Amino acid sequence: MSRKLLLLATITLTALGGLSNEPAFAQGHKGTPQEQNACSRDASRLCRKDLGNDDAVQGCLQAHRAKLSKSCSKVFQSHGM
C-alpha cells in the first residue's frame, strides 16, 4: 500500500471512528491519531499483507509483540492488551 493511500485510509478511519462513543480499541480497530502514528511503522514492517484490514493488523501486531517499537507496545499496554 502506498504511503499516500495509507495516510488517506488512516484519515478516513479516524474520521469514522469519531462517530462513535465507544473507545477505539473496544471497536477492534482505529485508535487515536497518536496511537496510529505510534504503530504505523510497525504495521508496515510486520503486517504489510494485512494493511487495509484493521482487525487483521491489530491481531498481527499482537502476534509480534516482542518485535514492536516501544511506542507501539505502550499503545497496546495502555489498552490492557
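Quick caveat, the model's predicted, so the values are computed rather than measured. (Residues numbered from 1 in each chain as written. Predicted model: local features only at pLDDT ≥ 70, side-chain atom pairs only at ≥ 80, totals over all residues. Heavy atoms only, no water.)

Give me the lowdown on the pattern of salt bridges, citing residues and values where you can.
The full count for this structure, using the stated rule, is 2 salt bridges. For the salt bridge of Asp42 with Arg45, the shortest nitrogen-to-oxygen distance reads 2.8 Å. Of the two residues, Asp42 and Arg45 are both situated in helix α2 (residues 33-46); the distance of 3 residues between them amounts to about one turn of the helix. Here Asp42 falls in the buried class, since its relative accessible area comes to 3%. We note a salt bridge from Asp50 to Lys49, for which the minimum N-O separation is 3.2 Å. (Salt bridge = Lys/Arg side-chain N within 4 Å of Asp/Glu carboxyl O. Helix = DSSP H or I, 4+ residues; strand = E, 2+ residues; numbered from the N terminus. Buried < 20%, exposed > 50% of the residue type's maximum accessible area, 1.4 Å probe, protein only.)

Lay out helix α4 (residues 70-78) in plain terms, naming residues and giving numbers.
Think of an α-helix as turning once every 3.6 residues; residues three or four places apart then point the same way. Those residues of α4 that fall on the buried side of the exposure criterion are Cys72, Ser73, Val75 and Phe76. Projected down its long axis, α4 carries its buried residues within an arc of 150°, all on one side. Of the exposed residues in α4, the ones pointing more than 90 degrees away from its buried face are Lys70, Lys74, Gln77 and Ser78. At its buried positions, α4 is contacted by α2 and α3 (54-63). Trailing α4 by a residue or two, Gly80 shows a phi angle of about 70°, which is positive. (Arc of directions from axis to C-beta. Contact = heavy atoms within 4.5 Å.)

Lay out the packing of α2 against α4 in plain terms, naming residues and giving numbers.
α4 packs onto α2 with a crossing angle of 125° between their chain directions and a minimal axis gap of 8 Å. Taken together, the axis directions place α2 and α4 in an arrangement best described as oblique. The two elements α2 and α4 cross, and the hand of that crossing is left-handed. For the pair α2 and α4, the contacting residues are Glu35, Ala38, Cys39 and Asp42 in the first and Ser71, Cys72, Val75, Phe76 and Ser78 in the second. (Axes fitted to C-alpha atoms, helices over the stretch in contact; angles between N-to-C directions. Parallel < 35°, antiparallel > 145°, perpendicular 65-115°, else oblique. Left-handed = near helix turned anticlockwise from the far one by under 90°.)

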